[in-house]
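These are the residues of each chain, in order.
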Amino acid sequence: MIRNALAETALTLAIVFVVVALVLVPLAMTQADPVGVVTTFLFGPFKSIRHIGNIIELATPSMFCGLAVALILRAGMFNLGVEGAFFLGGLGTVAAALILPLPGPWLAPAALLAGAVIGSSVCVVPGVLRARYGASELVSSLMLNFAALFIGLYVLNVWLRDPAAGAMVSFKIPADARLPRLIEGTRIHIGVLLALAACGLGALYLFRTAGGFESRIAGANPSFAAHLGLDVARIGLRAQILGGLIAAFGGGIEMLGLYQRFSWQALPGNGWTGVTVAILARDHPALVIPAALFLGWLQVGGDLVARNFDIPNEAVGLMQALLLVTVTAAALTRNPRLLRAFGARSPGAAR
Amino acid sequence: MIDLLGLVPAILRVSTPLILAGLGVHVSSRAGVLNIGIEGMMLAGALAGVVISALTQNAWLGLVAALLAGAVLAALLSVAIHLLRADLVLSGIALNMAALAGTTLALFALTGDKGISSSLPSLTLPMVRLPLIDDIPILGPLLSGHNVLTYAGLLAVPLVAILVNRTPLGLAMRAVGENPEAAAATGVPVLRVQVTALLISGLFAGAAGAFLSMGYVSWFSQNMTAGRGFIALAADVMGFGYAWGTMAAALLLGTTEAITLSLQGFGVPSELLQAIPYLVPVLAMVIHARRRKRREAH
C-alpha cells in the first residue's frame, strides 16, 4: 500500500517536473542566456529573504483557497464559487473594518468573521440551489462569481470609495485592523500561521471526525452513501458552506495582511490557483500546504524571470494550466505501466 | 428614457458574440460535453484573427485563422478529456487559463506589448448592406448594415436547430448527451460524435472571438473576452436545450448589456446592471430545475 502510494507521488512529481520543463525550456531558448533564465526561475526565489517571503506571501491565500476547494471536491461537489467567495470575502472584511465601531483588538476578528459570512454566499447559494432543487452547482457558481464581482464593485463604488484617492479604491483600512507582520524584511503576516492551522484542522476534520467521514463517503460514492441512509444533499451543502467560509476568510486575511485599501477591480484569480493547489494535493488538506508553497515558488520564479528577461510571467499561468490537466489525467496517473515504472507493485491497486 | 429603437444596432452588436458562442456551447452540450473552455477558445480566435489579418492583409483569412484557432483548442480539450482522460471541468478551466496566458505570451512575442495589439495593422470584417431592405425607412437602418458575422450568427441558429434535430449526426449527439452507455450499446460511435460536436463548438467560439477583435473593435487586448464565454454558457442554460432558446437568451442578455453600456456616463451605477446577465441565468436554472423536479414527482 505504502509502496504504491509512494509510486503515485513519485509519478505526480515526475509529471510536474516534465510540465515545468516543457514550458520553461522553449521559452528560455528564445533568450540570449537560456541557462540564466532556467537558473533564475528555479533558484532565484531562494536567493534572498525577501523573495522567500514572497513565496510564503503568495502561498497563504493559495492555502485557504486550496483547502476550500479540496473540502468541496472531497464531498463530490463541483462548486467553483471559491474565486468569487475569496473576492467578496476580501471586500466584506474591508467594509466591516471600515464600518464597525469596535475597539482595536476586536476589529480584525470581527471584520474577518463578517467577511467570511458575506463572501461564503458565493459558494452557499449554489449549494442551496443544488440541495433543494437539484440545479447544477457548477454552472450557478460560475455565474455567481461574476455577479459577486459586479455587486462587490458596486458596493466599493457607492459606499467604500475614497473620493480623495485617484483610482476606484476604498478608504484606508484602519491600522488597528491590519494583521501584524511576523518577519522583518518580508511582508509575511500572521495570516500564514492561520492558513497552516486551517489546513491542519481541515485534515483532522476530514480524516478524524464523523462529519469528514460522511463527506468522504458521499463524495466517493453518492449512491452507496444514500443506501447507508446518509443525507447526501445535506453533506454536500455542508462542505460548500465550509469551503465558502474558508475561501472568504482567506480573502479577508489577504486584505488585512497585505493591503492598505481594497483595490481589486477584477476577480483576483486566487480561487483558480486554489483549484490547481487542491488538484496537486489530491484533495488532501495537509498536502495543500506543500502544493501552495510549490505554486508560490513558480510564481516568484516567473516574476523574477519577467523582471530580468523578455519573458512575461504569464508563462506560469501556462504551467498551471498544464498541471491541472496532466495531474488529473487518468491515462497518466492511473497508467499501470507508468506506475510500475515508479515502483508500484500491483497495477491499479494504488489509492 | 431609453430609446429602444436606437438601441437595436447596439443590441445586435453586443449579442453577436453571445449568439455565436452560445450556439457553440449548445452544440457541445447536446453531445454531453459542457464546454467551459469556450471563453479561452474565443480569446484564441480573437488573437488569431488579428494576427493573421495583419500578416496577410486579408480579413477573410483572419476569420479562417480564428475559426481554426477555436477548433484547435477544441481538439486539445478533446485530447485532454478523451485521450488523457482528464476531468472535463478541470480541463475546461485549464484551457481558459492556458488561453489567457498563451495569448498574452504570443501578443508580447509579436508586438513587445502585453496589453494591446494596436501596433499590428489588423483588419475588420465588413458591414453588409442588405439590398432592398436597406431602402425601407426606419426598418432599413435597423436590419441592414451590420457586421457580416452578426448575420452569420443569426443564420446559424436555424442551421444548428436542423443539425441537432433533423440530421443523423444530431440524433447521435443527443443520444450520446442523454446516455453515452446506451448510445454506445446501440452502435453510436460516442467518441467520434463528441469530438465532432466539440470541434463545431470550437469553430463557433472562434467566430465569436473574431467578431470581438475584427468587428466589435479593431484590435486584440489582453483578456478581451472578459467573461463573455460564461455569459454564453448562461445563454445555453437559459435556452433549455433549444438553439432558438439559446438565441433568445443571448439577445436578452445582450439587451441588458447594451442598456448598461448606454447608461454609462449618466451617473447610474452600472455595476449592478452588469451583474444582471449573471443573475438571470441562475434564476432560470432554478425555475427549470423546480419544474423538472415537480414533473418527476408526478
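Residues numbered from 1 in each chain as written. Chains lettered and ligands numbered in written order. Predicted model: local features only at pLDDT ≥ 70, side-chain atom pairs only at ≥ 80, totals over all residues. Heavy atoms only, no water.

Caption draft 1: Structural detail: the UniProt feature "transmembrane region" (unreviewed entry) in chain A. Residue and element names in this part refer to chain A. UniProt annotation of "transmembrane region" (unreviewed entry) refers to residues 54–73, 80–100, 106–129, 141–160, 188–207, 241–259 and 315–332 when read in the numbering used here. With 86% helix and 0% strand, residues 80–100 has its two end C-alpha atoms placed 30 Å apart. Secondary structure within residues 141–160 divides into 100% helix and 0% strand; the distance between the first and last C-alpha atoms comes to 26 Å. (UniProt positions renumbered as here; feature names shortened; annotations may be inferred. Helix = DSSP H or I, 4+ residues; strand = E, 2+ residues; numbered from the N terminus.)

Caption draft 2: Summary view of the packing of helix H2 (residues 38–56) of chain B against helix H9 (residues 190–216) of chain B. Residues and elements named next belong to chain B. Look at H2 against H9: their axes get within 7 Å of each other, and the N-to-C directions meet at 55 degrees. What the angle tells us is that H2 and H9 run oblique. Two packed elements cross with a definite hand, and for H2 against H9 that hand is right-handed. Between H2, through Ile38, Met41, Met42, Gly45, Ala46, Gly49, Val50 and Ser53, and H9, the contact on the second element is made entirely by Ser201, Gly202, Ala205, Gly206, Ala208, Gly209, Ala210, Leu212, Ser213 and Met214. Within the contact of H2 with H9, the residues separate by chemical class into ten nonpolar, eight polar and no charged. (Axes fitted to C-alpha atoms, helices over the stretch in contact; angles between N-to-C directions. Parallel < 35°, antiparallel > 145°, perpendicular 65-115°, else oblique. Left-handed = near helix turned anticlockwise from the far one by under 90°. Contact = heavy atoms within 4.5 Å. Nonpolar A, V, L, I, M, F, W, Y, C, P; charged D, E, K, R; others polar.)

Caption draft 3: The arrangement of the confidence of the model for chain A in detail. Overall, the prediction assigns chain A a mean pLDDT of 92, with 98% of residues at 70 or greater. In the predicted structure, residues 347–351 of chain A sits below a pLDDT of 50 and forms eight contacts with residues beyond four places in sequence or in another chain. (pLDDT = per-residue confidence, 0-100.)

Caption draft 4: Fine view of the pattern of salt bridges. Residues and elements named next belong to chain A. For the structure shown, the criterion picks out nine salt bridges over all chains. Among the salt bridges present, the one from arginine 238 reaches glutamate 214, with a minimum N-O distance of 3.0 Å. Remark: glutamate 214 occurs in helix H8 (residues 210–220) and arginine 238 occurs in helix H10 (residues 232–258); sequence separation between them is 24 residues. Look at arginine 238 and you get partly exposed, because its relative accessible area is 26%. Here aspartate 231 makes a salt bridge to arginine 234, at a shortest N to O gap of 3.9 Å. Residue classification places aspartate 231 among the partly exposed positions, given a relative accessible area of 40%. (Salt bridge = Lys/Arg side-chain N within 4 Å of Asp/Glu carboxyl O. Buried < 20%, exposed > 50% of the residue type's maximum accessible area, 1.4 Å probe, protein only.)

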